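Coordinate analysis (summary)
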Amino acid sequence: MLKRLAFSALLLVLLGGLALAEGKPLKTINLPEPKLLGKMTVEEALFRRRSERSFLPNELTLDQLSQLLWAAQGITEKTWGFRAAPSSGSLYPLTIYLAKSDGVFRYVPDGHKLVQTGDQDVRSSLTRAALGQDFISQAPAVFVIAGNFRIVETRYGQRSYRYLNMEIGHVAENIELQAVALGLVSVPVGSFWDNVVAKTLGLPETQDPFYIVPVGYLKPAS
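These numbers come from a predicted model, not from an experiment. (Residues numbered from 1 in each chain as written. Predicted model: local features only at pLDDT ≥ 70, side-chain atom pairs only at ≥ 80, totals over all residues. Heavy atoms only, no water.)

**A short note on the environment of R106**
Among the secondary structure elements, R106 is positioned in strand 5 (residues 103-108). Accessibility expressed as a relative area gives 29% for R106, which makes it partly exposed. Taking the C-alpha atoms as reference points, R106 and Q116, 10 residues apart in sequence, are found 6.4 Å from one another. Non-local contacts of R106, meaning those with residues more than four positions away in its chain, are made with T95, I96, Y97, K113, L114, V115 and T117. (Helix = DSSP H or I, 4+ residues; strand = E, 2+ residues; numbered from the N terminus. Buried < 20%, exposed > 50% of the residue type's maximum accessible area, 1.4 Å probe, protein only. Contact = heavy atoms within 4.5 Å.)

Right, here's the structure in full:
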């Protein structure tokens, strides 16, 4: 009996490792429906937004994560699949990854859900990849905007680099303004080793990381 249990445990570990190696999701989280009416106006969110680099360790709720992810890439028009952030030609080449204490997750706009792609806390690794900016490891939720540049390049040629950068900026600002509206703070980070971030998150070869946005509660100055 003990041998059978030990074998079963080993099999589960091996299968989990295989799922990671093949890029299969470890689990899927269906997110709560985003709220379309908040307590703060857009004008106030714009006024209050600041780049903050000191976070409390408090975890964000699933409702808060849902709202932030929806603001980044959520579907706002179901017939055509239009999203919260504009995209040239509605190509939507970007993918949002979320690094938390319990692993790495990829946001899937269709169905508004998260799929877990890794079960390790990689925030310290992201900090090292970002030249030691240690506030990244302190933030309870680290959003990474990644994407496939080639999707845009195929259609727009030499202007694709400009269009992609515009879209990345739209998404990052949406995250930051939504964070303010939820009583949270954030800071955009563009300085990091691309290949190290990609390896840390286990990105597919077709995707590159473009922006890191840590989000959390502001830690008061001591």
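**What to know about the sheet that holds strand 7 (residues 141-147)**
Overall, antiparallel pairing links the 7 strands, which are arranged 1-6-5-4-7-9-8 in an open sheet. Two strands lie at the open edges of the sheet, namely strand 1 (28-30) and strand 8 (185-186), each paired on one side alone. The strands that helix 7 (residues 160-181) touches are strand 4 (94-100), strand 7, strand 8 and strand 9 (208-216); relative to strand 9, the one it contacts most, it runs at about 10°. (Pairing = 2+ DSSP bridges. Axes fitted to C-alpha atoms, helices over the stretch in contact; angles between N-to-C directions.)

**Some remarks on the confidence of the model for the protein**
When the pLDDT values of the protein are averaged, the result is 91; 89% of them are 70 or greater. In this model, residues 1-22 is a region of pLDDT below 50 whose contacts with residues beyond four sequence positions or in other chains number 7 contacts. (pLDDT = per-residue confidence, 0-100.)

**Here's the deal with the packing of helix 3 (residues 62-73) against helix 7**
The interhelical angle for the contact between helix 3 and helix 7, taken along N-to-C directions, is 150°, at an axis separation of 8 Å. Taken as axis vectors, helix 3 and helix 7 run roughly antiparallel relative to one another. Note that helix 3 runs across helix 7; the crossing there is right-handed. Residues Q67, L68, W70, A71, A72 and Q73 of helix 3 form the contact with helix 7, whose own contacting residues are V171, N174, I175, Q178 and A179. Looking at the contact of helix 3 with helix 7 residue by residue, the class counts come to 7 nonpolar, 4 polar and no charged. (Parallel < 35°, antiparallel > 145°, perpendicular 65-115°, else oblique. Left-handed = near helix turned anticlockwise from the far one by under 90°. Nonpolar A, V, L, I, M, F, W, Y, C, P; charged D, E, K, R; others polar.)

**Let's talk about the nonpolar core**
Ranked by internal contacts, the top residues of the largest apolar core, which has 28 residues, are L68, I96, L114, F143, V171, I175 and V215. Secondary-structure elements contributing two or more residues to this core are helix 3, strand 4, strand 5, strand 7, helix 7 and strand 9. The element best represented in this core is helix 7, accounting for 7 residues. Excluding anything up to four places from it in sequence, L114 contacts K27, T28, I29, L31, L69, L98, F105, R106 and Y107. (Core = buried A, V, L, I, M, F, W, Y, C linked by side-chain atoms within 4.5 Å.)

**Digging into the side chain of S186**
One can find S186 in strand 8. Those residues in contact with S186 that lie beyond four places of it in its chain are R50, S51, E52, F55, E176, V213, P214 and V215.

**Structural notes on the pairing of strand 5**
Looking down a regular strand, the side chains alternate between one sheet face and the other. Here strand 5 lies mainly inside the structure; 5 of its 6 residues are buried. Across 5 bridges, the pairing between strand 5 and strand 6 (residues 113-118) is antiparallel. Bridging across to strand 6, Y107 finds its partner in L114. Connecting strand 5 to the next strand, strand 6, in antiparallel fashion are 4 residues, including G111 with a positive phi near 100°.

**Some thoughts on unusual backbone geometry**
Positive phi is not limited to glycine here, since S90 has a value of about 50°. Among the structural elements, S90 can be located in the loop between strand 3 (82-83) and strand 4. With relative accessibility at 36%, the residue S90 sits in the partly exposed group. Phi at Y92 takes a positive value of approximately 50°, unusual for a residue other than glycine. If you trace the backbone, Y92 turns up in the loop between strand 3 and strand 4.

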